[in-house]
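Chain by chain, the residues:
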Amino acid sequence: MKKPLIVQKFGGTSVGSIERIHQVAKHIIDAKNAGNRVVVVVSAMSGETNRLLDLAQQIDSVPNARELDVLLASGEQASMALLAITLNKMGYSARSLTGGQANILTNGQHNDATIVNIDTTAIDQLLAQDQIVIVAGFQGITAGGDITTLGRGGSDTTAVALAGALKADECQIFTDVDGVYTCDPRIVDDAQKLTVIDFPSMEKMARFGAKVLHLPSVEYAWKNQVPLRVLSTFDINQGSLVKGEECHLPICGLAIQRDMCLIKIDQESLVAIEEQCQLFGIDIWDVIEHPEWLGLVVKSDAYSKLEMVLQGKVADRNTISLLTAVGADAESLAHTAHQLLIDNQIVTTHLRLDEQSFTIALSVEQVNCAANILHQTYIKPIEAVDCLQKHVFSG
Ligand code: ADP
Ligand code: ASP
Ligand code: MG
């Protein structure tokens, strides 16, 4: 009988130094010695992707997308080799593979590519030779042989897609918190760990800024029913399991999306701008129809690209944040929650309702305070969630 197969992904903080890479190697060895076949996905060392991006932007604020992918993919390539060298030194056979070498085929959308297929032959062969396989996260290759990247935070997606393609028994996302919390535990002190979170809620949390999991990784795991667990590299416990379809809590989580840009435009320009954005691959998050103005909400880092499209059609531009509440009763609680914030002197720009969620647009300065108010009112009193001690590690 074949040994169980697990995919373990280690994020930037987890491989942030040689000492930490040693710690990661020990986890991998433990999993291997416990009788598993192990495929590992690594991110770039913490800060490295930002450093590379900054170098490129010193040359051009909108760097050539293909070349940027070549540059950014090198961060993960360094991590995978350092980890393989470490495992080899510790007496274990390990082989590192770039996204291309692992046959992770993507479409050609540079900087935000989607995985279209994984041919696992190369990995299967290495596993059959009893090797530990280490794959660079965040990257793939097009049919034409160009390197692509999957969008910031994309190593989670590499791990989940590999786990799906290899039919792994579990995909374990090791990070610097020990699970999925009711809100970012760095922002809300009372945040509680969810031992289980259902796919639809996790998908909404990820979509609206809970960066603990990259959105496409959740979508893929949900669609393909990949067993997905989030756990800490620094303090091993059961972490959080993403599983099931139903949320039973009125509000199970809050997500914060920072660095959003609200651009006020003329009503007449909307259709033309939307068409141009589609052409340039600029994602419009929302169109706000206020009685007095029309606003586009986009990610701030898309703004430089957007400037080319807008060409003077901008009436006003502000950086804002979005605070989203997710849960079975989110829609019915939206208006009272919004009013609660207003009563607490929080200035809001917009309230949007979606299925089992509501999103409030507000100032960057007040979003943390607003998250704490909503958490205190709608989440803390609920006893159904697991109230384990918070474990957060600094990078
Ligand atoms: P990695 O480098 O391991 O991929 P990330 O920085 O991408 O890690 O994601 C982990 C971070 O996500 C945590 O440090 C935490 O600050 C943040 N985070 C945001 N929302 C949540 C949440 N609901 N639960 C846990 N962590 C969250
Ligand atoms: N290194 C990439 C990033 O910083 C991918 C990842 O960490 O998942 O976005
Ligand atoms: Mg991440």
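Definitions and limits used
Residues numbered from 1 in each chain as written. Chains lettered and ligands numbered in written order. Predicted model: local features only at pLDDT ≥ 70, side-chain atom pairs only at ≥ 80, totals over all residues. Heavy atoms only, no water. Near = heavy atom within 4 Å. Polar contact = N/O pair within 3.5 Å; in protein donor to acceptor, adjacent residues only side chain to side chain. Areas by Shrake-Rupley, 256 points an atom, 1.4 Å probe, with all protein chains shown as cover. Nonpolar A, V, L, I, M, F, W, Y, C, P; charged D, E, K, R; others polar. Phe/Tyr/Trp six-rings, centres within 6.5 Å; stacked < 30°, edge-to-face > 60°. Helix = DSSP H or I, 4+ residues; strand = E, 2+ residues; numbered from the N terminus. Buried < 20%, exposed > 50% of the residue type's maximum accessible area, 1.4 Å probe, protein only. Lys NZ or Arg CZ within 6 Å of the ring centre and 35° of its normal. 1 Å grid on protein atoms, 1.4 Å probe; cavity = no way out; pocket = protein on both sides within 12 Å on 5 of 7 lines; lining within 4 Å. Points joined across faces, edges and corners; volume = space filled by probe spheres on them.

K.L.:
Go over the site of ligand 2, please, and point to the residues and values.
P.N.:
Within the structure, ligand 2 sits among Ser 43, Ala 44, Thr 49, Glu 76, Phe 138, Arg 152, Gly 153, Gly 154 and Ser 155. Ser 155 is positioned with one of its backbone polar atoms (N or O) 3.0 Å from an oxygen atom of ligand 2. For ligand 2, the accessible surface in isolation is 260 Å², of which the surrounding protein chains cover 85%. Class assignment of the residues belonging to the shell around ligand 2 gives a composition of two nonpolar, five polar and two charged.

K.L.:
Explain the packing of aromatic side chains to me, and be specific about the residues and the numbers.
P.N.:
Counted under the stated rule, the structure contains three aromatic pairs. Residues Phe 10 and Phe 174 carry aromatic rings whose centres are separated by 4.7 Å and whose planes lie at 15 degrees to one another, so their mutual orientation is stacked. On the criterion of sequence distance, the pair formed by Phe 10 in strand β1 (residues 5-10) and Phe 174 in strand β9 (residues 170-175) is long-range, its members being 164 residues apart. We note that Phe 10, like Phe 174, is buried. Relative to Trp 285, the ring of Phe 208 lies with its centre 6.1 Å away and its plane at 80 degrees, an arrangement referred to as edge-to-face. Of this pair, Phe 208 sits in the loop between α6 (199-207) and α7 (215-224) while Trp 285 is found in the loop between α8 (270-280) and β16 (286-289), placing the two residues 77 residues apart along the sequence. Pair check on accessibility: Phe 208 and Trp 285 agree, each one buried. Geometry around Trp 293 places Lys 264 over its ring, the cationic atom sitting 4.4 Å from the centre.

K.L.:
Which residues make up the layout of surface pockets, and what values go with them?
P.N.:
Here the second largest pocket is characterised by a volume of approximately 260 Å³. Lining the second largest pocket we find Asp 112, Ala 113, Thr 114, Ile 115, Leu 150, Thr 157, Ala 161, Pro 216, Glu 219, Tyr 220, Lys 223 and Asn 224. Looking at the lining of the second largest pocket, the elements that each hand over two or more residues are α5 (155-166) and α7. Among the elements that line the lining of the second largest pocket, the one with the most residues is α7, at five residues. Split by residue class, the lining of the second largest pocket holds six nonpolar, three polar and three charged.

K.L.:
Describe the site of ligand 1, and please don't skip the residues or the numbers.
P.N.:
Taken together, the neighbourhood of ligand 1 is formed by 17 residues, with Thr 175, Asp 176, Tyr 181, Asp 184 and Arg 186 sitting nearest. Contact distances for ligand 1 include 2.9 Å between a nitrogen atom and a backbone N or O atom of Tyr 181. Across the shell around ligand 1, the residue classes tally to eight nonpolar, four polar and five charged.

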